[in-house]
Amino acid sequence: MSIVTCIAPVNIAVIKYWGKRDESLILPTNDSISATLDTDQLHAKTTVMISPNFKEDCIWLNGKEEDIKNIRLQNCLKEIRKRSQLSDCTNNWKIHICSKNNFPTAAGLASSAAGYACLTAALAKLYKIEGEDISIIARSGSGSACRSVMGGFVRWYMGSNKDGTDSLAKQIVPASHWPEMRILVLVVSDEQKKVPSAIGMKRSIETSTLLQYRIMRVVPERANKMQQAIIEKDFKSFAELTMKDSNQFHAVCLDTYPPCIYMNNISNSIMNLIHSYNDAVNDVKVAYTYDAGPNATLYLLEKDVPAVIGILDHFFPPSENIAIEYRRGLPVEGIKPSQDLLEKLKFQKYPSGQLKYMICTKVGDGPKYLNNPQDHLLNNQVKAYTKHEMTSMFPIEPTSDEAIINTYGIIFQVFNCT
């Protein structure tokens, strides 16, 4: 038995990916650029295990068994096994996969990107794949996952080859390049979105004339400007490009027929508040971006976090439910805004609880491997496997579930460490 556990980061795009030129290979219609968020605050965690005694491939996602025959998942497994350095016999062993996120899934927070990047990184180590560009394999599961296999700021090049071999992600700068950058994730809703991204993209490609204009006339120049702003740490240019690209992406979604509406009234209000705040301080201090969901991601510099937190707390006060951890991630304290600033903003104050919670994080590194056996997610599945299948390997006849676990516990301690 072999087992690997990995965590991988969320990435939030500042130049959006929306639309495929090839559905089966997941090849995008334009380049995209993102920031990799620190895994200490947001991550997917995946354990993969292969054994000659597993009767079939299985996957559990956030505590529920899912369909292992999912096409994208099978694409990942196919690409991994094709490149595997294991012996032919071992390569054919069945696999068990268990994955969970420490953030809302399918709510517009790039959960599929983190999940498939994590799965790919774990599988690459399990199958002893070295020297390969695993961003291409991750892309076969979820397009934006290719950006989560590395840290810092990352650009996914759309490529031009029909087989997709040049559609891959490359790091622009590492996380250490812009240590002052901070990210606030404002969770407006943790419910699953009504129109999945894959369906929305396909619908936009088929019906949106604005998307075609964006692909041909806007993104190529904008992506180059964004890359330069990141390299030069030019926050004002970075922020303006980020907001413009988010706005255009959602304009494309509205231009789609039938339209894909991902933002809600609170999303729009946060957007308006950010513009009001930047105008009031006569500078571009904070930028917003929205993926395919209602939750806002704010980019700002570390020195401006307390003031922005104070503004958010004033106009979107936290819920009074003390059972909910409202402020998560990096420890931050807000500064109460002055009366003069509030008068300049002229913004409506909302009832408490409009934001479920907020996460403060920073730019971080790519996937990490966890070597402590206690970190493995498949431990419970190991016990089930022991109970139902292990007796065929070791012909002992314990008389109870507890006896089974006690009998084979030492064996599995050895397996978990190998």
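To be clear, the structure that these remarks concern was listed above.
This is a predicted model, so every value here is computed, not measured. (Residues numbered from 1 in each chain as written. Predicted model: local features only at pLDDT ≥ 70, side-chain atom pairs only at ≥ 80, totals over all residues. Heavy atoms only, no water.)

> Looking at this structure, how should I read the overall build of the protein chain?
In terms of helices and strands, the protein chain carries 12 helices and 17 strands. Taking all 418 residues of the protein chain together, the buried fraction comes to 55%. When contacts within the protein chain are restricted to residue pairs at least 6 apart in sequence, those whose partners lie at least 24 apart make up 78%. Accessible area of the protein chain: about 19,000 Å², with a carbon and sulfur share of 50%. (Helix = DSSP H or I, 4+ residues; strand = E, 2+ residues; numbered from the N terminus. Buried < 20%, exposed > 50% of the residue type's maximum accessible area, 1.4 Å probe, protein only. Contact = heavy atoms within 4.5 Å. Areas by Shrake-Rupley, 256 points an atom, 1.4 Å probe, with all protein chains shown as cover.)

> Got a minute to help me understand helix H3 (residues 111-126) in this structure?
Spanning 16 residues, H3 covers 22 Å between terminal C-alpha atoms, matching the ideal 22 Å at 1.5 Å per step. With 14 of its 16 residues buried, H3 lies for the most part within the structure. Among the residues trailing H3, Lys128 stands out with phi positive, at a value near 55 degrees. (Expected span 1.5 Å × (residues − 1).)

> Hey, could you run me through the packing of aromatic side chains in this one?
For any pair of aromatic rings, the description rests on two quantities: the centre-to-centre distance and the angle between the ring planes. Summed over the entire model, instances satisfying the criterion amount to 12 aromatic pairs. Consider the rings of Phe235 and Phe238, whose centres lie 6.1 Å apart with planes at 35 degrees: the pair is tilted. Of the two residues, Phe235 and Phe238 are both situated in helix H7 (residues 235-255); the distance of three residues between them amounts to about one turn of the helix. Exposure remark for Phe235: the relative accessible area of 9% places this residue in the buried category. Ring-pair connections join several aromatic residues into one group, and the members of that group are Phe153, Trp178, Phe235, Phe238 and Tyr299. One cation-aromatic arrangement involves Lys125 over Tyr369; the distance from NZ or CZ to the ring centre is 4.6 Å. (Phe/Tyr/Trp six-rings, centres within 6.5 Å; stacked < 30°, edge-to-face > 60°. Lys NZ or Arg CZ within 6 Å of the ring centre and 35° of its normal.)

> In this structure, what is going on with the sheet that holds strand S2 (residues 11-15)? I would like to understand it.
As a general point, the strands of a sheet are linked pairwise by backbone hydrogen bonds and lie either parallel or antiparallel. Reading across from one edge, S2-S5-S10-S11 is the order of the four strands in this open sheet, with antiparallel pairing throughout. Two strands close off the open sheet at either side, each with one partner strand: S2 and strand S11 (169-173). Across this sheet, the average inter-strand angle for adjacent strands is 35 degrees, counted without regard to direction. (Pairing = 2+ DSSP bridges. Axes fitted to C-alpha atoms, helices over the stretch in contact; angles between N-to-C directions.)

> How should helix H8 (residues 265-280) be read in this particular structure?
An α-helical turn contains 3.6 residues, so any two residues separated by three or four positions project in the same direction. With 16 residues, H8 ought to run about 22 Å at 1.5 Å a step, and its terminal C-alpha atoms sit 22 Å apart, in line with that. Where H8 is buried, its residues meet strand S12 (181-187), H7, strand S13 (286-289), strand S14 (296-301), helix H9 (305-315) and helix H10 (339-345). A distance of 3.1 Å separates the backbone nitrogen of Ile266 from a side-chain oxygen at the start of H8, and that oxygen is part of Asn264. Asn282, located one to two residues past H8, shows a positive phi value of around 55 degrees. (Polar contact = N/O pair within 3.5 Å; in protein donor to acceptor, adjacent residues only side chain to side chain.)

> Teacher, can you tell me more about unusual backbone geometry here?
Negative phi is the rule for most residues except glycine; trans is the rule for most peptide bonds. Backbone torsion omega between Tyr257 and Pro258 reads -10 degrees, so that peptide bond is classified as cis. Mapped onto the elements, Pro258 comes out in the loop between H7 and H8. A positive phi angle is found at Lys128, which is not glycine, with a value near 55 degrees. In this fold, Lys128 is placed in the loop between H3 and helix H4 (134-139). Relative accessible area serves as the criterion here: at 49%, Lys128 is assigned to the partly exposed category.

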